[in-house]
Amino acid sequence: MDADWTGAIARARAYAPYLAGALDRLPELTALLAGGDGAQALAYARAAGSGIDDVGSALRREKQALALALGIGDLAGAIPLLEVTGALSAFADRALDAAIVSGIRRRAPDFDPASQRAGFFALALGKHGAGELNYSSDIDPILLFDPLVLPRRERDDPAEAAQRVARNVVETLSRVTHEGYVFRIDLRLRPASEVSPLAISVNGALTHYESSALTWERAAFLRARACAGDVAAGLDFLAAIRPFVWRRSLDFGAVAEIGRLTAQIRASTRGSPSVGPGFDVKKGRGGIREVEFYAQTHQLIHGGRNPALRLRGTRATLDALATAGLIPPEEAQLLGESYDRLRAIEHRLQMVQDQQTHTLPRTVEGIDAVARLDGLADGAALLDELRDITEAVGTRYDCLIMAQLPSGGVPVAMPEQTSLTEELEALGYDDPAALAERIEGWLSGRVRALRSDTARDAFAAIRHDLLAAFAAAPEPARALARWEQLLNNLPSAINLFRLLQARPALLDLLARILGLAPPLADALARRADLLDPLIDASAFALPGSVADLVAQFSRFEPGDDYQRKLDFVRRKVGERRFELGVQLIDGSHDPLDIGRALARIAEAALVVLTDATVEEFRQAHGVVPNSDMLVLGLGRMGGGVLTHASDLDLIFLFTGDFARESDGRRPLGGTHYYNRLSQRVISALSVPTAEGALYEVDTRLRPSGEQGPPAASMDSFERYQREQAWTWEHMALCRARPMYGSPEAREAATVAIQAVLTAPRDNETLRTDVLEMRERMATHKPPAGPFDMKLARGGLVDLEFIVHFTQLREGKGLLPDLGGAIRALAGEGLLPPNLAQAHDVLTRFLVSARLLAPDSQRPGDAARMALVRACGYATQEELEATLTLAREHVATAWEAAFSQKLEI
């Protein structure tokens, strides 16, 4: 639709006294607007204060001209809403910056912001922070200062100097003269505003946000932005409080707080509770505030885990929530369009008298005037439109708040007043009296996570449902014991209790995890927030490709140092491995697919952490010219199928001239450089940090053996493999796969490995070496228990020996993936086809048993049945028969390959 500049000016003169007055006072600007030249009008407005020495006067003139240009452009349909709010927000930034500089120069007249740090900055919050400032908004900055940097007279106390600057900011912006005012300024969002000075030191603010800030302050900082003064210092401050704003674990307590705040706002809002004269379009039900709270509620829950949701703009946040699959796209569109329309109506209300109002006039005539200013026929049309919008928004917001509260917002039905012993007896526990005494011990102060009143109240809200879930679990006693261990390990469990209260379906899953899978229970005892991702259905989908996972594991925060990167990758890997464990006990996927996914996760972690380590290492030591590092994966890592207990078999190599030095400020010779770098990478993968351990790394297959340096040159590796390597080392090399390095280095390694594996060899010597190796392994490393399908005779190790013997003898089927190699050799007629099925059966069992029977002993009945189901069978007898048949196939193939009978 074409812009209607003439109609906009006519409506402004008729229905908006403030705009009508500005049209008369600014004839040159009015002429530009009447001519439809919006761009020139905005340029004129921004220059309206040029050449005026007095900062306040210059800003007031610019404000008046900008308000007129934007107001008429908005009414004409020529300037979109976000452009209007963005221009107003940008002006607020400029105004604050000018006022800060002016304030500093009163005591430090030589201060030059172009060459000096101000040591004083403003944080924009709310709509200003989001770049969505109202037509007639006040602004709510937080003013902070660094006492070591703030320019001042030598005798001035830094804190007092900062207060002078703050008072100047308030005076400059809020003073009313015949030219109007710049902005009403409200500093009540600062920490402890009732007792604190106008400007607060950076360290004082950090202490507040780290120790005593409230939920509403977290919500306020969702849209915070360093906007004026020493912006670099402001960015550093926001980075420092990021953990306070964007919490890693889900926080359903914050949602409950928002629900209470909403009820208070609705109850205290003056005027009509429903659309009509006096209705508040900002605070009323279904109004502007509820669209903003809708977006912010999701951000508080999910933004700590999903950086893509950390946006300031309301519409941008709604779109991001839809993209992330957290809300339906049609709901994001409806709320976004409603928000835009409500904001436009809010602007019309404020254009009338330049008042910060959000309330419809209380007379029919007044509502008619606002409607006609907007271009509608009359007030009835405006009210009808508002009723439709607010009902749609209010209904969706009510549903959101109710859905996020326990039991849909309905009080949880608790059992009638009975003793804890009677409650446990009714749930079917053995020895309920002893268990009741144990639980009372938790609450008596023995468990740190239950010492506060808040924690005990949160636990009380889930206690009955939790105990009921454990009673119905496959192994109630084991589940309770591991729950107790989890509580003892947690410094605070409030978020965990609230998560379980808000998502009661997780209780049954938690009971199964604690009762069936010791490795998952141990992981939970270290990190209770591993449950958080399970509220999302995507947690039960297999992870994507290695490239997808690399992208996920590389989403570091701006400014993250090396240690934070290590911690971030450990968190993400821990979450993905935990999700896969849950999928396994849930029977969501074939254990073979889970094993492959575990390998993709490990490979992605290797790539990301090696990149981060290389980057960190180069800062001190530079690079060795014309040289690359290469990492080979072997064993299960090279084969691309891991279990939850797998370590990583790695070999570190490097290309180029080992005699050359690196070019950094602390140069190292080539060999020393790559040995140091390889050790750093091993530490990045294996050393526990605050976020726990990641993987055990095994480099014993390197040419120099256990005691030698971790890295070898490509030339020495090739030479060693050709001239000195034992047969068992060539067997290991059959599963080698380049996992890190340049394409050229990877190709060179692949060619070298293929040359070694296809070299002619004496078959009888090969047979003797293989049998001797297997005999030594059987002697020194017997099966750990009856469920050890790796080391048991006829198990996976015997199968691997058969395959590697055949690969080396024939020089064929040289694929790192053991299953793929078996199928390739079977296709050549070199192995029986039934070995492929035997491999799959044994590998499924190994992947499942490492989680459900990690000690290889026969687990309890419930865990044994979970193992049966995970492997795809209906009964234990069916599983055992299939395992026996698979081992018989391996024994038959062993006898055919080595002319030696295998006892199973």
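Residues numbered from 1 in each chain as written. Predicted model: local features only at pLDDT ≥ 70, side-chain atom pairs only at ≥ 80, totals over all residues. Heavy atoms only, no water.

Thoughts on the overall build of the protein chain
Next up, step 1: When helices and strands are tallied, the protein chain shows 39 helices and 11 strands.
Next up, step 2: Counting only C-alpha atoms, the protein chain reaches 105 × 75 × 60 Å along its principal axes.
Next up, step 3: Counting only residues that meet the buried cut, the protein chain has 56% of its 904 residues in that class.
Next up, step 4: Carbon together with sulfur atoms contributes 50% to the accessible area of the protein chain, which is approximately 37300 Å² in total.
Next up, step 5: Looking at the protein chain, you have 100 positive and 119 negative side-chain charges, and the mean spots of the two groups are 3 Å apart. (Helix = DSSP H or I, 4+ residues; strand = E, 2+ residues; numbered from the N terminus. Buried < 20%, exposed > 50% of the residue type's maximum accessible area, 1.4 Å probe, protein only. Areas by Shrake-Rupley, 256 points an atom, 1.4 Å probe, with all protein chains shown as cover. Lys, Arg positive; Asp, Glu negative; His and termini not counted. Charge placed at Lys NZ, Arg CZ, Asp CG, Glu CD.)

Quick look at the packing of aromatic side chains
Next up, step 1: Overall, the coordinates contain 16 aromatic pairs when judged by the stated rule.
Next up, step 2: A ring pair is formed by Trp483 and Phe497, whose centres lie 6.3 Å apart and whose planes are at 40 degrees; its orientation type is tilted. Pair noted here: Trp483 is in helix α22 (residues 476–489) and Phe497 is in helix α23 (residues 494–502), with a separation of 14 residues, a long-range link.
Next up, step 3: Each ring, one from Phe805 and one from Phe898, has its centre 4.7 Å from the other, and the planes form 45 degrees; the classification is tilted. One end of the pair, Phe805, is in helix α35 (residues 796–810); the other, Phe898, is in helix α39 (residues 876–898), with 93 residues separating them in the sequence.
Next up, step 4: Among the residues examined, Phe898 registers a relative accessible area of 0% and is labelled buried. (Phe/Tyr/Trp six-rings, centres within 6.5 Å; stacked < 30°, edge-to-face > 60°.)

Some details on the side chain of Arg576
Next up, step 1: Within the element layout of this structure, Arg576 appears in helix α27 (residues 562–586).
Next up, step 2: Within polar-contact distance, the side chain of Arg576 engages the side chain of Gln552 at 3.2 Å. (Polar contact = N/O pair within 3.5 Å; in protein donor to acceptor, adjacent residues only side chain to side chain.)

Observations regarding the pattern of salt bridges
Next up, step 1: Taken as a whole, this structure holds 53 salt bridges when the rule is applied.
Next up, step 2: In this structure, Arg107 and Asp156 form a salt bridge, with 2.9 Å as the shortest nitrogen-oxygen distance. One end of the pair, Arg107, is in helix α6 (residues 81–107); the other, Asp156, is in the loop between β3 (142–145) and α8 (158–174), and 49 residues separate them in sequence.
Next up, step 3: On the basis of relative accessible area, Arg107 is assigned to the partly exposed category, the value being 22%.
Next up, step 4: Residue classification places Asp156 among the buried positions, given a relative accessible area of 7%.
Next up, step 5: Ionic pairing is found between Asp374 and Arg348, a salt bridge with its closest N-O pair at 2.9 Å. One end of the pair, Asp374, is in helix α17 (residues 364–374); the other, Arg348, is in helix α16 (residues 329–353), with 26 residues separating them in the sequence. (Salt bridge = Lys/Arg side-chain N within 4 Å of Asp/Glu carboxyl O.)

Regarding the side chain of Asp798
Next up, step 1: Tracing the sequence through the fold places Asp798 in helix α35.
Next up, step 2: Asp798 sits in the buried class, given a relative accessible area of 0%.

Describing the sheet that holds strand β1 (residues 120–124)
Next up, step 1: Ordered by their spatial adjacency, four strands build an open sheet running β5-β3-β1-β6, and the pairing between neighbours is mixed. Looking at the sheet topology across the chains shown, the edges are occupied by β5 (199–201) and β6 (225–229). With strand direction ignored, the average angle separating the axes of adjacent strands in the sheet is 35 degrees.
Next up, step 2: Here β1 pairs with β6 via four bridges, running antiparallel. For Ala122, the partnering residue across the bridge sits in β6 and is Ala228.
Next up, step 3: Packed onto the sheet, α8 meets β1, β3 and β5 and runs at close to 145 degrees relative to β3.
Next up, step 4: Here helix α9 (residues 202–211) sits on the sheet in contact with β1, β3 and β5, set at roughly 80 degrees to β5. (Pairing = 2+ DSSP bridges. Axes fitted to C-alpha atoms, helices over the stretch in contact; angles between N-to-C directions. Contact = heavy atoms within 4.5 Å.)

What to know about the pairing of β3
Next up, step 1: Residues Ile142 and Leu144 point to one face of β3 and Leu143 and Phe145 to the other, with burial holding for every one of them.
Next up, step 2: Bridging between β1 and β3 involves four bridges; their strand directions are antiparallel. Looking at the pairing, Ala122 lines up with Leu143 of β3.
Next up, step 3: Note that β3 and β5 share three bridges and pair parallel. Paired with Leu143 across the strands is Ala199, a residue of β5.

A short note on the packing of helix α28 (residues 591–621) against helix α37 (residues 834–852)
Next up, step 1: Relative orientation of the contacting elements α28 and α37 amounts to 65 degrees, with a least axis distance of 8 Å. The handedness of the crossing between α28 and α37 is left-handed. Residues Pro591, Leu592, Ile594 and Gly595 of α28 touch α37, and the partners they reach there are Asp840, Thr843, Arg844, Val847 and Ser848.
Next up, step 2: Its residues assigned to classes, the contact of α28 with α37 comprises four nonpolar, three polar and two charged. (Left-handed = near helix turned anticlockwise from the far one by under 90°. Nonpolar A, V, L, I, M, F, W, Y, C, P; charged D, E, K, R; others polar.)

Quick notes on the packing of α27 against helix α30 (residues 670–686)
Next up, step 1: Running from N to C, α27 and α30 point in directions that differ by 45 degrees, and their axes come no closer than 9 Å. Classed by the angle they form, the pair α27 and α30 counts as oblique. Taking contact as the criterion, the partners of Tyr562, Leu566 and Arg570 in α27 are, on α30, Arg680, Ser683, Ala684, Leu685 and Ser686.
Next up, step 2: Taken together, the residues of the contact of α27 with α30 break down into four nonpolar, two polar and two charged. (Parallel < 35°, antiparallel > 145°, perpendicular 65-115°, else oblique.)

Quick notes on unusual backbone geometry
Next up, step 1: Even without being glycine, Asn626 reaches a positive phi, approximately 55 degrees.
Next up, step 2: For Asn626, the position within the fold is in the loop between α28 and β7 (629–634).
Next up, step 3: A relative accessible area of 68% places Asn626 in the exposed class.
Next up, step 4: One non-glycine residue, Ser899, lies in the positive phi region at around 55 degrees.
Next up, step 5: With respect to the helices and strands, Ser899 occurs in the segment after α39.

Some details on α35
Next up, step 1: With 15 residues, α35 ought to run about 21 Å at 1.5 Å a step, and its terminal C-alpha atoms sit 21 Å apart, in line with that.
Next up, step 2: Positive phi shows up at Gly811, right after α35, with a value of about 65 degrees. (Expected span 1.5 Å × (residues − 1).)

Digging into the confidence of the model for the protein chain
Note that predicted coordinates carrying low pLDDT should not be read in detail.
Next up, step 1: Here the protein chain averages 91 in pLDDT, while 96% of its residues score no lower than 70.
Next up, step 2: When the criterion is pLDDT under 50, residues 406–415 qualifies, and its contacts beyond four places in sequence or with other chains add up to 12 contacts. (pLDDT = per-residue confidence, 0-100.)

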